[in-house]
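# Reading the structure
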Amino acid sequence: MLQIDRTRKKPYYVQIYEYYRKEIEQQHMAGGTKLESVRELAQAVGVSKMIVEKAYYQLASEGYILRRHKARYEVALLDKRGQAALPPQQPAKRLQAEWQYDFGSGAMDLNCFPLDTWRKHMNRVLSSPELLSSCQDEQGVWTLRDVLSHYAYAERGVRASAENIIVGAGTAPLLAILTQLLRDDHASVAVEDPGFRLGREIFRSSGYGIVPLTLHQGDFDLSPLQASKARLAYISPAHQFPTGSVMPVGLRYQLLRWAEARSGLIIEDDYDSELRYYGRPVPALQSLDSGGHVIYMGALSKVLPFFLRLSYMVLPPQLMARYNERRSLFRQSASVAEQCALAAYIRKGDLTRQIRRLRKEYQDKGGLMRRLLQAAFGSSLHVGKIVSGVYCHVSLRSDCTEEELLRRAAAKGCRVLALAPFYETKEEGEKCQFLLSFSKIPGADLPAAVAALKAAWLGEGD
């Protein structure tokens, strides 16, 4: 950051010149970067425009910066010797390529979200500064927590009051809070294998030991949990990620009995319960718990666009008391304005209508993608049935490695997710399995997307 040292005898324009020269030579400022206008920089550092003009003139005369016609100065490209090179006529390409077909993202296609409706709610909130100033709370906006308590009960059978709900900007910040609250009583956590990798790594990075609970072809096995010393388990019983399995009711009660016998806790990650396409949604595990052994985590990430990262968790009474004791250690990570807008969005019934639309949209798209994949790949690809969520689990029979298949897909503009990174322990035979999402790809583009994937995986190598 440029600061003028008024105690030095060195002229101000020289200080400005030397600052920018050093930043450019050390490549802290990339070629093409626009400099502040003469007026803006003069006001920022408290000098006259003539001083800034003199510094810029010297930089330009030595080739460090360039002046475009009727535009601001910009940093010149330097070669490896630090000398000015000819600037490009076209903007530099982004390091991250734009995927033509993003099978790897669970985010929704923005065409599926009523932006006009959301804008109206946001405008009302931003027009009420007194509302925003009165809604500062580490747990989250009271109105939203109150609305979520009714919503979670109506949709999932979750018993919660506004006092026991904590809102966050996604699941990760809420898990970070839990790692602090649970550290006194728990040294390890049991996790599904394969399972939600980010959640697992958040616990690992906070010093917890990891106890993997292996899923065999999607079937839960609780014996490693019962044999371990762990008293904390992190699971997704309603729709296991990434296999898509649903925990049978018998195992649910078995899990609750384990928690009761161990005085343990279960973190229930209910990340996409709204998107179930066949039959009634499976009740939340928390709705079966009468002993305060379940921490419920709800996420709206699959029914709201990517730029609205709002999740919530419901703490049992004993853990809520601990949170209140340490409240000063935590900060609210979610936008107050977005929380207020979401409260109105739910209260007015807009979220219910949004979910209804998405269920129909995603059921149609998921069915179409499954049919397209089966027709394109035949017996070489096993395609799992899509009963919930936005991902399809596929297994490919191929002589290629997963890395080669990922590279081939990328060469055709297709982003896909391999299942291997979601495993804590790699098993034999778990090769060439992938997750394919249909949520971000428009339905009209799915035939071309599947054709590109077929060309990548069944066509000639690059």
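Residues numbered from 1 in each chain as written. Predicted model: local features only at pLDDT ≥ 70, side-chain atom pairs only at ≥ 80, totals over all residues. Heavy atoms only, no water.

## Quick notes on the domain arrangement of the chain
Which entries qualify depends on this criterion: Segmentation into domains, and thus their bounds, comes from an automatic or database assignment.
The domain architecture assigned to the chain consists of domain 1 (12-75), domain 2 (113-352) and domain 3 (356-458). The C-alpha centroid of domain 2 is placed 50 Å from the C-alpha centroid of domain 1.

## Some details on the sheet that holds strand E11 (residues 294-299)
To be explicit about the condition: For two strands to be treated as a pair, DSSP must find no fewer than two bridges joining them. Every helix listed is a DSSP run of H or I at least four residues long, and every strand listed is a run of E at least two residues long, numbered separately from the N terminus. To get an axis, fit a line to the C-alpha atoms, keeping to the stretch in contact for a helix; angles then go from 0 to 180 degrees between the N-to-C directions.
Reading across the sheet, the seven strands line up as E6-E12-E11-E10-E9-E7-E8 and stay open at both edges, with mixed pairing between neighbours. Each edge of the open sheet is held by one strand with a lone partner, namely strand E6 (165-168) and strand E8 (209-214). With direction set aside, neighbouring strand axes in the sheet form an average angle of 20°. As paired strands, E6 and strand E12 (residues 311-314) are joined by four bridges and run antiparallel to one another. Bridged to Ile166 within E12 is Met313.

## Focus on helix H4 (residues 115-126)
Rules: By this rule, a helix spans an expected 1.5 Å times one less than how many residues it contains. Type-normalised accessible area, obtained with a 1.4 Å probe on protein chains alone, sets the label of each residue: buried when under 20%, exposed when over 50%, and partly exposed for intermediate values. What the arc describes is the spread of directions from the helix axis to the C-beta atoms. Contacts are residue-level and defined by heavy atoms, with any inter-residue pair within 4.5 Å sufficient.
Look at H4: 16 Å from first C-alpha to last across 12 residues, which is about the 16 Å you get at 1.5 Å a residue. What H4 keeps buried is the set Trp118, His121, Met122 and Val125. Down the axis of H4, the smallest arc covering the buried residues is 95°, so these residues share one side. For H4, exposure combined with an orientation more than 90 degrees from the buried face picks out Asp116, Lys120 and Arg124. Looking at the buried positions of H4, the neighbouring elements they touch are helix H5 (129-133), helix H12 (336-347) and helix H13 (350-377).

## Quick look at the sheet that holds strand E16 (residues 417-418)
Strand order in the open sheet formed by four strands is E13-E14-E17-E16, and the pairing between neighbours is antiparallel. Of all strands in the sheet, those bounded by a partner on one side alone are strand E13 (381-383) and E16.

## Quick word on the pairing of E11
Counted residue by residue, E11 has six buried out of six residues, so it is predominantly covered. Every second residue of E11 is oriented toward a common face, with Val294, Tyr296 and Gly298 on one face and Ile295, Met297 and Ala299 on the other, all of them buried. The pairing of strand E10 (residues 265-270) with E11 spans five bridges and is parallel. From the neighbouring strand, Ile267 faces E11, where its bridge partner is Ile295. Sheet analysis places E11 next to E12, joined by four bridges and oriented antiparallel. Residue pairing in the sheet places Gly298 in a bridge with Tyr312 of E12.

## Quick look at the side chain of Ser311
Looking at where Ser311 falls in the secondary structure, it is placed in strand E12. Owing to a relative accessible area of 4%, Ser311 belongs among the buried residues under this scheme. Those residues in contact with Ser311 that lie beyond four places of it in its chain are Ile166, Val167, Gly168, Gly170, Thr171, Leu174, Gly298 and Ala299.

## Regarding helix H3 (residues 49-61)
Over its 13 residues, H3 runs 18 Å from end to end, which matches the ideal 18 Å to within 8%, given 1.5 Å per residue. Of the residues making up H3, those classed as buried are Val52, Ala55, Tyr56 and Leu59. On an axial view of H3, the arc spanned by its buried residues comes to 95°, and they lie on one face. For H3, the exposed residues set more than 90 degrees away from the buried face come down to Met50 and Tyr57. Elements that come into contact with the buried residues of H3 comprise helix H1 (12-25), helix H2 (38-45), strand E1 (65-67) and strand E2 (73-75). Count one or two residues on from H3 and you reach Gly63, which has phi positive near 90°.

## Quick notes on the packing of helix H7 (residues 171-182) against helix H11 (residues 317-325)
We count it as follows: Our angle categories are set so that under 35 degrees counts as roughly parallel, over 145 as roughly antiparallel, 65 to 115 as roughly perpendicular, and the remainder as oblique. Think of it as three bins: nonpolar holds Ala, Val, Leu, Ile, Met, Phe, Trp, Tyr, Cys and Pro, charged holds Asp, Glu, Lys and Arg, and polar takes everything else, Gly as well.
At a minimum axis separation of 10 Å, H7 and H11 run at an interaxial angle of 95°. Between H7 and H11, the crossing angle belongs to the class labelled roughly perpendicular. Here H7 contributes Ile177, Leu178, Leu181 and Leu182 to the contact with H11, which in turn contributes Leu319, Arg322 and Tyr323. Classifying every residue of the contact of H7 with H11 gives six nonpolar, no polar and one charged.

## What to know about unusual backbone geometry
At the junction of Asp193 and Pro194, the peptide bond is cis and its omega measures out at 5° in the coordinates. Within the secondary structure, Pro194 sits in the loop between strand E7 (188-193) and helix H8 (197-205). Note the cis peptide between Phe241 and Pro242, where omega equals 15°. Examined against the element boundaries, Pro242 turns out to sit in the loop between strand E9 (232-235) and helix H10 (249-262). The phi dihedral of Gln27 is positive, around 60°, even though this residue is not glycine. Turning to its location among the elements, Gln27 is positioned in the loop between H1 and H2. You will see that Ser263, though not glycine, has its phi angle at about 55°, which is positive.

## Remarks on the packing of aromatic side chains
Quick note on the threshold: When two rings of Phe, Tyr or Trp (its six-membered ring) have centres within 6.5 Å they constitute a pair, described as stacked for plane angles under 30 degrees, edge-to-face for angles over 60, and tilted for the intermediate range. Whether a charge sits over a ring depends on NZ of Lys or CZ of Arg being within 6 Å of the ring centre and within 35 degrees of the ring normal.
Overall, the coordinates contain 18 aromatic pairs when judged by the stated rule. When the ring of Phe113 is compared with that of Phe307, the centres are 6.4 Å apart and the planes differ by 85°; the resulting orientation is edge-to-face. Remark: Phe307 occurs in the loop between E11 and E12 and Phe113 occurs in the loop between strand E5 (101-102) and H4; sequence separation between them is 194 residues. A relative accessible area of 5% places Phe113 in the buried class. Three or more aromatic residues joined by ring pairs make a cluster, and in this case those are Phe113, Trp118, Phe306, Phe307 and Tyr345. Above the ring of Tyr12, the side-chain terminus of Arg6 is found at 5.3 Å from the ring centroid. Here the basic side chain of Lys54 rests over the ring of Tyr13, its NZ or CZ set 4.3 Å away from the ring centre.

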